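In case you want the letters, here they are:
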Amino acid sequence: MVPNSEPPNNMGRERRLTPRHPVDSAASVFLLDVRSRIEGRIVDVSLGGCRIRSKNRFPTGIYRRVEVEFALDGMPFRLAGVVQAVHDRHTIGIRLLNLSERTAGERGG
């Protein structure tokens, strides 16, 4: 039996269906259950989520409901999400929830 010389398509840890884009924009994360707000910066964003870094420690674990407020290219956003990953004490990944076609950027004319 000859081994397959082609690498598998799932190499690496990337599971996103849409590409992420590096950004550097101010952001606020609202922890809904404790009515707390943390200021930080968006590191990257995709249609499905974003990664945010803060100087202060994020007092949160995964699956906590949040709202994220930020602006990209002068357009303000306030989106519901859930903490999907805690990368370190100062960096979290947020999965955005219930994005409408308008919010996610309509395709077509």
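The sections below set out a description of the structure shown in this document. Predicted model only: the values in this text are computed from it and were never measured.

Reading the values: rules and limits
Residues numbered from 1 in each chain as written. Predicted model: local features only at pLDDT ≥ 70, side-chain atom pairs only at ≥ 80, totals over all residues. Heavy atoms only, no water. Helix = DSSP H or I, 4+ residues; strand = E, 2+ residues; numbered from the N terminus. Buried < 20%, exposed > 50% of the residue type's maximum accessible area, 1.4 Å probe, protein only. Contact = heavy atoms within 4.5 Å. Salt bridge = Lys/Arg side-chain N within 4 Å of Asp/Glu carboxyl O. Pairing = 2+ DSSP bridges.

### Observations concerning the overall build of the chain
Helix and strand content of the chain: one helix and six strands. Of the regular secondary structure in the chain, the N- to C-terminal order runs β-β-β-β-β-β-α. Looking at the chain as a whole, 29% of its 109 residues qualify as buried. The long-range fraction of contacts in the chain, counting pairs at least 24 apart against all pairs at least 6 apart in sequence, stands at 45%.

### Some words on the pattern of salt bridges
In total, this model carries seven salt bridges according to the counting rule given. Here Asp 44 makes a salt bridge to Arg 20, at a shortest N to O gap of 3.6 Å. Placement of Asp 44 in strand S2 (residues 36–45) and of Arg 20 in the segment before strand S1 (21–31) is noted, with a sequence separation of 24 residues between them. Residue class for Arg 20 comes out partly exposed when judged on its relative accessible area of 32%.

### Some thoughts on unusual backbone geometry
Within the chain, Arg 35 stands out as a residue other than glycine whose phi angle is a positive 50°. Structurally, Arg 35 is set in the loop between S1 and S2. For Arg 35, a relative accessible area of 81% gives the class exposed. Phi at Asp 73 takes a positive value of approximately 50°, unusual for a residue other than glycine.

### A closer look at the pairing of strand S5 (residues 75–88)
The pairing of strand S4 (residues 65–72) with S5 spans eight bridges and is antiparallel. Residue pairing for S5: Val 66 is matched across the bridge by Gly 81. Both S5 and strand S6 (residues 91–96) contribute to a ladder of six bridges, which runs antiparallel. The partner of Ala 85 across the bridge, within S6, is Gly 93. Between S5 and S6, which pair antiparallel and follow one another directly, the connecting turn spans two residues.

### Structural notes on the pairing of S1
Note: S1 against S2, nine bridges, orientation antiparallel. Note on S2: the bridge partner recorded for Ala 27 is Gly 40. Adjacent in sequence and paired antiparallel, S1 and S2 are bridged by four residues, among which Arg 35 carries a positive phi angle near 50°.

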